[in-house]
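Given next are the chains, with one letter for each unit.
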Amino acid sequence: SDSLLTTTSVRENFAFQFISGNLNSISVLLYPEGILQSLLFLPPRMVLYLVAPLPYISVSMTDMWEGSWQAWQKLFTILSSLVNVIAMPYVLASLIQSIKNRKQNSAPLIFNISFWLTFIAIAGGNLILHERYRVMSTILFFGCAWLGARTCSYRLISQTKLSWYGFLFGSAVFFIIYKFAF
C-alpha cells in the first residue's frame, strides 16, 4: 500500500529531482500527490497532451531557413497539435458510435479501447507533459479519427465538434485567467 502511494506522489518520485519548470505552469499544477489526484488530474493531463505546446506557437523562420532541426521540430510539433485539436471530435464520435454499435460490430470498439488505454497510460504514467510521448498513441488516434470520419453521422460529428471546441474555449479562458491574473 505504501509503495502505491509513493508511486503516485510526485515529490516521492526519484525523477522529481530532475524536473525544473515555472511554478505557475499548468503542468506543475497538475503534478499528482496521491491516488485521488492522479485520477482527478488524468482528464486535464490528457487534453494537455493533445494540445501541447499550444498556445506557445512562436517559430523562428530564420532558424528554419538556416536548417535548425530544433526549429523544424518545433514547427511540426505545433502542426501536430493543431491536427490533434481538429481530429479529436472525430475520435470522440468514433468512441460514441462504437459504444452504441458494440453488439452489431465490436471491432471499432476494440480499436477505440486500444487507443484510450494507451493514451491513459501515457498521460497518467509520466510526471511531465512532453509532446514526444504522444507519438506512442498517434497511429491509434488517427485510426479512431478515420473511423469517426467514415462511419459517424454528420449530426454526431457536429455534436462532438461543438462539445470539444466549447470545452477548449472554456479551458482557454481558464488558462488566460490563471496565467495572467495570479
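Before reading further, recall that the structure is shown in the block above.
Residues numbered from 1 in each chain as written. Predicted model: local features only at pLDDT ≥ 70, side-chain atom pairs only at ≥ 80, totals over all residues. Heavy atoms only, no water.

**Q** Can you help me understand helix 6 (residues 107–125) in this one?
**A** A turn of α-helix holds 3.6 residues, and therefore any two residues three or four places apart point the same way. Here helix 6 is 19 residues long and its end C-alpha atoms lie 27 Å apart, about the 27 Å a rise of 1.5 Å per residue gives. Taken together, the buried positions of helix 6 are occupied by P108, L109, N112, F115, W116, F119, I122 and A123. Across the axial projection of helix 6, the buried residues extend over an arc of 160°, all falling on one side. Within helix 6, the exposed residues directed more than 90 degrees away from the buried face are I110, L117, G124 and G125. Along its buried surface, helix 6 packs onto helix 3 (35–51), helix 5 (69–100) and helix 7 (138–151). (Helix = DSSP H or I, 4+ residues; strand = E, 2+ residues; numbered from the N terminus. Expected span 1.5 Å × (residues − 1). Buried < 20%, exposed > 50% of the residue type's maximum accessible area, 1.4 Å probe, protein only. Arc of directions from axis to C-beta. Contact = heavy atoms within 4.5 Å.)

**Q** I keep staring at the packing of aromatic side chains and nothing clicks. Help me out?
**A** Here the distance between the centres and the angle between the planes together describe a pair of aromatic rings. Enumeration over the complete set of coordinates arrives at 7 aromatic pairs. Taking 6.1 Å as the distance between ring centres and 25° as the angle between the ring planes, the aromatic pair formed by W72 and F76 counts as stacked. Here F76 and W72 lie together in helix 5, a separation of 4 residues that amounts to about one turn. Judged by relative accessible area, W72 falls into the partly exposed class, the value being 36%. Note on F115 and F141: the rings are 5.6 Å apart at their centroids and 55° apart in plane angle, and the pair reads as tilted. Here F141 lies in helix 7 and F115 lies in helix 6, a separation of 26 residues in the sequence. Since its relative accessible area comes to 1%, F115 is described here as buried. (Phe/Tyr/Trp six-rings, centres within 6.5 Å; stacked < 30°, edge-to-face > 60°.)

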